[in-house]
Amino acid sequence: MADNKRVVGAFITFKDEGAKQACLRAQPHSRMRHWLTVKPEHKLRGRYAMLVMEAPEPSDVQYENMEHSGLDRFMRACLVSVCSYFCLAVGFVLISLASTTANTVKNQLGSDSTPSTQQCSTACDLYCNGTWGLTTMDRDVYAQCASSDVMANGTLCAAEQQYCQRCYCNEAIAKGMVREFRYCKDTIKLLLLQTSSQGMIVVVILLINSLLVFTSRRLTSFEKHHTRSAEARSLAQKLFLGQFLNSALSTIIANAHVPFLQQLLNGTAADKIFFQGIYTDLTPGWYKVVGRSLVVSQFVAALLRAFNLLVR
C-alpha cells in the first residue's frame, strides 16, 4: 500500500475456528494494554497499536463506511441527536398549539357544563302546541340569554335560560333539521371548530411521525455505521423513542394542567401556547378528548402502514 494511503482496518480469514480463537486470545482487547504489553515488532509498522476483534459477517459489513473512525462516528451521532431533539421539539410545539386551540374552543363551547337531556326537558320549554319546537318568544329569549346575561328589555336571564338554546340546537342538529341552521349557526360553528381542532391534533401527530421516519432514515445513514445490523438497530431505536415521545408523552403533557409550569411561563411569549391543558388527571373528559386523539392517530397510522405495504 502506498505511504499516502491511510489504513482504516483489515479483515483476516483463518482456515479453522481454533486459529481464530487463538488469535483473539493472544491479542489484548484494549489499545492501552496493547501499548503496554505488546512488543514493537508485533505492532503495525512497529508503532501503531491494533484493536483486534471478531469481525461481523461479510454480507453485514458496509465497506464504504469503514474509513470513518470511532471519534468521527461519535461526533456524527451527537449531531444526529441534536437534530432528533429539534424535530421532537417542533412536534411538541405543534401539538401544544393544536391542544391549546382545542381547549380554547372547549371552554367557549362549555362542553364540560353541557346540560343533560333531563335538565333540558325540565328547565326549557322545547315544545310548541304539543310538537317539538320553540315559540317565537322563546327563540328570541333563548338566543339573547345564550350570548348575554341580560335580555333586550333589561331583565336578567335565569341560569337555565342561558343553555336552553344549546339544548334546542343540539337536538335540532341530531334530528338533521336544516331549517334551523341560521338559528343554531353559532353552536354549529363551535362544534365544527371543536371537532376540527381535535382532528388537527391527530393530523399533527401523524405528520410529525411521518417526518420522524423520513429524518431518522437520513440521520441514521449519516452516522456511518460499519455494519447494516448496527444501522438497523439505531434506526429502530430512533423510531421507537421518537414516535413514543411524540405520540404519547407530548400529547399527554400538552393537555395536562400543570400550574407551576404555567406560572413559570406567565408573562412570556409562550404563555398562551405551552402547558395550557385543563386535565389534572385521567378524567372521563380526558378519555373523550386526549384518549380519543391517541387511539385515532394510532389506528390511522396502522391503516397507512398497511396501505403502504399494499402499494409497494
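Values in this document were obtained by computation on a predicted structure and should not be read as measured data.

Another aspect to go through is the nonpolar core. Within the largest apolar cluster, 19 residues are counted, with the highest numbers of intra-cluster contacts made by Cys-124, Tyr-142, Tyr-168 and Tyr-183. For this core, the secondary structure elements donating two or more residues are helix H5 (136-147) and helix H6 (164-175). The element best represented in this core is H6, accounting for 5 residues. Contacts of Tyr-183, omitting those with residues within four sequence positions, involve Leu-134, Asp-138, Arg-139, Tyr-142, Ala-143, Gln-165, Tyr-168 and Cys-169. Ile-95, Ala-98, Ile-205 and Phe-275 belong to the second-largest nonpolar core, a separate cluster that totals 15 residues.

Overall, the coordinates contain 3 aromatic pairs when judged by the stated rule. When the ring of Phe-11 is compared with that of Tyr-63, the centres are 5.8 Å apart and the planes differ by 70°; the resulting orientation is edge-to-face. Here Tyr-63 lies in the loop between helix H2 (31-37) and helix H3 (70-109) and Phe-11 lies in the segment before helix H1 (17-26), a separation of 52 residues in the sequence. We classify Phe-11 as partly exposed; its relative accessible area is 45%. According to the relative accessible area criterion, Tyr-63 is partly exposed, its value standing at 48%. Ring geometry for Tyr-168 and Tyr-183: centres 6.0 Å apart, planes at 75°, overall edge-to-face. Here the residue Tyr-168 occupies a position in helix H6, and Tyr-183 occupies one in the loop between H6 and helix H7 (185-222), the gap between them amounting to 15 residues. Of the two residues, Tyr-168 and Tyr-183, both sit in the buried class. Sitting over the ring of Phe-222, Arg-76 keeps its end group 4.5 Å from the ring centre.

Here the focus is the state of the cysteines. Tallying each qualifying case throughout the model produces 2 disulfides. Here Cys-169 engages in a disulfide with Cys-184; their sulfurs sit 2.2 Å apart. Across the S-S bond of Cys-169 and Cys-184 the torsion is about -85°, and the bridge reads as left-handed. Here Cys-169 is found in helix H6, whereas its partner Cys-184 is found in the loop between H6 and H7, with 15 residues between them in sequence. The buried category is assigned to Cys-169, whose relative accessible area is 0%. With relative accessibility at 1%, the residue Cys-184 sits in the buried group.

Cut-off values and rules
Residues numbered from 1 in each chain as written. Predicted model: local features only at pLDDT ≥ 70, side-chain atom pairs only at ≥ 80, totals over all residues. Heavy atoms only, no water. Core = buried A, V, L, I, M, F, W, Y, C linked by side-chain atoms within 4.5 Å. Buried < 20%, exposed > 50% of the residue type's maximum accessible area, 1.4 Å probe, protein only. Helix = DSSP H or I, 4+ residues; strand = E, 2+ residues; numbered from the N terminus. Contact = heavy atoms within 4.5 Å. Phe/Tyr/Trp six-rings, centres within 6.5 Å; stacked < 30°, edge-to-face > 60°. Lys NZ or Arg CZ within 6 Å of the ring centre and 35° of its normal. Disulfide = S-S within 2.5 Å.

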